[in-house]
Amino acid sequence: MDISVKDLRYRTKHVLHSLRRGTRTTITYRGRPVAKLVPLTAEDTNVFHPIGFGMWKDHTALKDVHAWLDDQRGPRYGR
């Protein structure tokens, strides 16, 4: 499906419904393709903890994130 930038702006809900059905969408600007929207796969929607990657990946204090946050917030909240 091809859709112009203007149509995308005014018909975003329609485009999202098409993506949920698996339709790939090409966005055009002045008649020329500039971007593609593709539906997410099941692998793309896996939920991960935002601290579980990068430099925080091996940080031992973050094994229990809630305890770490309580410790960090303690002085601020008078704990």
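Located above this text is the structure these notes cover.
Model, not experiment: these values are computed from the prediction.

*Asks:* If you had to explain the environment of Arg-30 to someone new, which residues and values would you point to?
*Replies:* You can see Arg-30 is positioned in the loop between strand 2 (25-29) and strand 3 (32-37). In sequence terms Arg-30 and Lys-6 are 24 residues apart; their C-alpha atoms lie 9.9 Å from each other.

*Asks:* Explain the environment of Asp-2 to me, using residue names and the numbers behind them.
*Replies:* Assignment of secondary structure puts Asp-2 in strand 1 (residues 2-4). Considering only alpha carbons, one finds Asp-2 and Ile-27, 25 residues apart in sequence, at a separation of 6.0 Å.

*Asks:* Any chance you could break down the pairing of strand 2 for me, citing the residues and the numbers?
*Replies:* Note on strand geometry: in a regular strand, side chains alternate between the two faces of the sheet. For strand 2, the buried fraction is high: four of the five residues fall into the buried class. Bridge count for strand 1 against strand 2 is three bridges, and the pairing is parallel. Residue pairing for strand 2: Ser-4 is matched across the bridge by Thr-28. In this structure, strand 2 lies alongside strand 3, joined through five bridges in antiparallel fashion. Across the sheet, the residue bridging to Tyr-29 is Arg-32, located in strand 3. The turn linking strand 2 back onto strand 3 is made up of two residues, and Arg-30 within it adopts a positive phi angle of 55 degrees.

*Asks:* Quick one: what's the story with the sheet that holds strand 2, residue by residue and with numbers?
*Replies:* The sheet built from three strands is open, its strands ordered 1-2-3 with mixed pairing. Both edges of this open sheet fall to strand 1 and strand 3, since each of them pairs with a single strand only. In this sheet, adjacent strand axes meet at a mean angle of 35 degrees when their direction is disregarded.

Cut-offs used in this document
Residues numbered from 1 in each chain as written. Predicted model: local features only at pLDDT ≥ 70, side-chain atom pairs only at ≥ 80, totals over all residues. Heavy atoms only, no water. Helix = DSSP H or I, 4+ residues; strand = E, 2+ residues; numbered from the N terminus. Buried < 20%, exposed > 50% of the residue type's maximum accessible area, 1.4 Å probe, protein only. Pairing = 2+ DSSP bridges. Axes fitted to C-alpha atoms, helices over the stretch in contact; angles between N-to-C directions.

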